[in-house]
Amino acid sequence: MTNKNQKMASAIITDANAFLVALLLLSLSHIPFSSSTIQQDFVMCLVDNSDASFPMDSSFFTRDLNASSYKMALETSAQNLRYLMPSNPKPEFIFEPLYETHVQAAVACAKKLQLHLRLRSGGHDYEGLSYVSEMETAFVIVDLSKLRHINVDLESNTAWVHAGASIGEDPRESKVHGFPAGLCTSLGIGGHIIGGAYGSMMRKFGLGADNVLDARIVDADGKILNRAAMGEDVFWAIRGGGGGSFGVILAWKIKLVPVPETVTVFTVTKTLEQDGTRILYKWQQVADKLDEDLFIRAIIQPASKTPKSKERTISVSYQASFLVTLIG
Ligand SMILES: Cc1cc2nc3c(=O)[nH]c(=O)nc-3n(C[C@H](O)[C@H](O)[C@H](O)COP(=O)(O)OP(=O)(O)OC[C@H]3O[C@@H](n4cnc5c(N)ncnc54)[C@H](O)[C@@H]3O)c2cc1C
């Protein structure tokens, strides 16, 4: 081990978690730090600024040191493959915090080392804002996917949800409580609510952002703020104002809404040849007047005229969810 490695190891040995310390020592001994001074400085700074240890081999993913796991960590959640082209800038490394204190330290260290931070919860940003940076300076990704604890309180109909949880996660406490979020189950709740979060329950309950009661964020100085500490203006801004602008969202306190144990869903598809244009026109006239328990969205896309035909047409699929149990 180099002197620098030994200094880091001894700093971390103060932590009581012997298993993590052992893992860290093991992985530190394999790191050729000369090839990754940015990560080396960042790790040193994290150790100095955080009281919780982290296993190096599963918390850091670096291009030079573990290329295949770096590639997997970078690409797995990306939805817009255009931003993964080799010509796009890539992060120096990806850090996956395990505790809130790691996030605080990451913010403080990025500031100190003048590294640009990209924040990622579910990684579903269509514009790649959570994993690409056009800035001239080096950037790193802080990926919150391991901060995904959900704490449900059925007495108050609320839950604290860490940013890395996906909206499809089912804490199993209840089958009659829901949250009005989006339709894709792998969206990260961290980035999703920052953008508003519309979904199939919005007619009855509004946006996900309308159902947030409190939040915990890390500000630019590395401090954790709740709603009272951040103030109502910032609390308003983080619910729809866009990602990464006002701090790192650690967790949202959400209001749970009542849902039936079984909901009714259906999809009906009509092509141009099946009177599709007139039905779509009619849907536009009635969609906002339907019962608020009923949500219908219309998906318009190219299609074959018949299942085996090569002739093309346009189809409209009406995808619905009805917050009523029709079949018990
Ligand atoms: C397949 C698909 C389906 C979708 N369906 C819906 C839908 O039904 N309804 C809807 O409203 N939207 C929908 N969206 C859009 C989606 O809600 C947004 O792209 C959302 O920002 C994704 O959040 P994320 O955490 O998964 O993404 P990320 O890429 O991780 O983050 C998105 C943005 O938020 C920032 N960010 C992420 N985490 C944090 C954090 N903890 N603190 C601060 N900033 C952070 C990122 O830097 C980035 O700018 C869909 C997107 C996709 C790809």
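Please refer to the structure placed before this passage.
Residues numbered from 1 in each chain as written. Predicted model: local features only at pLDDT ≥ 70, side-chain atom pairs only at ≥ 80, totals over all residues. Heavy atoms only, no water.

A. Up close: the sheet that holds strand β1 (residues 60-62). On the basis of which strands lie adjacent, the open sheet formed by 4 strands has the order β1-β2-β4-β3 and mixed pairing. The open sheet has two free edges, formed respectively by β1 and β3 (116-120), since each of these has just one partner strand. Geometrically, the sheet is characterised by an average inter-axis angle of 20° between neighbouring strands, direction not taken into account. In terms of strand pairing, β1 meets strand β2 (residues 93-95) through 3 bridges, oriented antiparallel. Pairing of phenylalanine 60 across the sheet is with phenylalanine 95, part of β2. Across the sheet, helix α5 (residues 67-75) lies against β1, β2, β3 and β4 (139-143), angled at about 110° from β1, the strand it touches most. (Pairing = 2+ DSSP bridges. Helix = DSSP H or I, 4+ residues; strand = E, 2+ residues; numbered from the N terminus. Axes fitted to C-alpha atoms, helices over the stretch in contact; angles between N-to-C directions. Contact = heavy atoms within 4.5 Å.)

B. Geometry of the side chain of histidine 102. Here histidine 102 is to be found in helix α6 (residues 100-113). Using a relative accessible area of 1% as the deciding quantity, one classes histidine 102 as buried. Beyond its immediate chain neighbours, meaning those up to four positions away, histidine 102 contacts Leu46, Ser50, Ala52, Ser53, Phe54, Phe95 and Pro97. (Buried < 20%, exposed > 50% of the residue type's maximum accessible area, 1.4 Å probe, protein only.)

C. View of the packing of helix α3 (residues 37-49) against α6. Packing of α3 against α6 brings their axes to within 9 Å, and their N-to-C directions diverge by 130°. Taken together, α3 and α6 sit at an angle that is classed as oblique. Where α3 crosses over α6, the handedness of that crossing is right-handed. Judged by residue contacts, Asp41, Phe42, Cys45, Leu46 and Asn49 of α3 engage His102, Ala105, Ala106, Ala108, Cys109, Ala110, Lys112 and Leu113 from α6. Each residue belonging to the contact of α3 with α6 can be placed in one class, and the counts come to 9 nonpolar, 2 polar and 2 charged. (Parallel < 35°, antiparallel > 145°, perpendicular 65-115°, else oblique. Left-handed = near helix turned anticlockwise from the far one by under 90°. Nonpolar A, V, L, I, M, F, W, Y, C, P; charged D, E, K, R; others polar.)

D. The arrangement of the environment of valine 152 in detail. Positionally, valine 152 belongs in strand β5 (residues 150-153). Classification of valine 152 as buried rests on a relative accessible area of 18%. When the C-alpha atoms of valine 152 and proline 171 are compared, they prove to be 7.7 Å apart, with 19 residues separating the residues in sequence. Not counting the four nearest positions on each side in its chain, valine 152 is found in contact with Thr158, Ala159, Pro171, Glu173 and Leu256.

E. Molecular detail of the site of the ligand. The ligand sits among 28 residues. The nearest are Leu119, Ser121, Gly123, Ser130 and His192. Between the ligand and the protein, one listed contact pairs an oxygen atom with a backbone N or O atom of glycine 188 at 2.9 Å. In isolation the ligand offers 960 Å² of accessible surface; the protein chains occlude 89% of this area. Of all elements in the fold, only β3, α7 (189-194) and β10 (248-255) reach the threshold of two or more residues within the shell around the ligand. It is α7 that provides the largest number of residues to the shell around the ligand, a total of 3 residues. Its residues assigned to classes, the shell around the ligand shows 13 nonpolar, 13 polar and 2 charged. (Near = heavy atom within 4 Å. Polar contact = N/O pair within 3.5 Å; in protein donor to acceptor, adjacent residues only side chain to side chain. Areas by Shrake-Rupley, 256 points an atom, 1.4 Å probe, with all protein chains shown as cover.)

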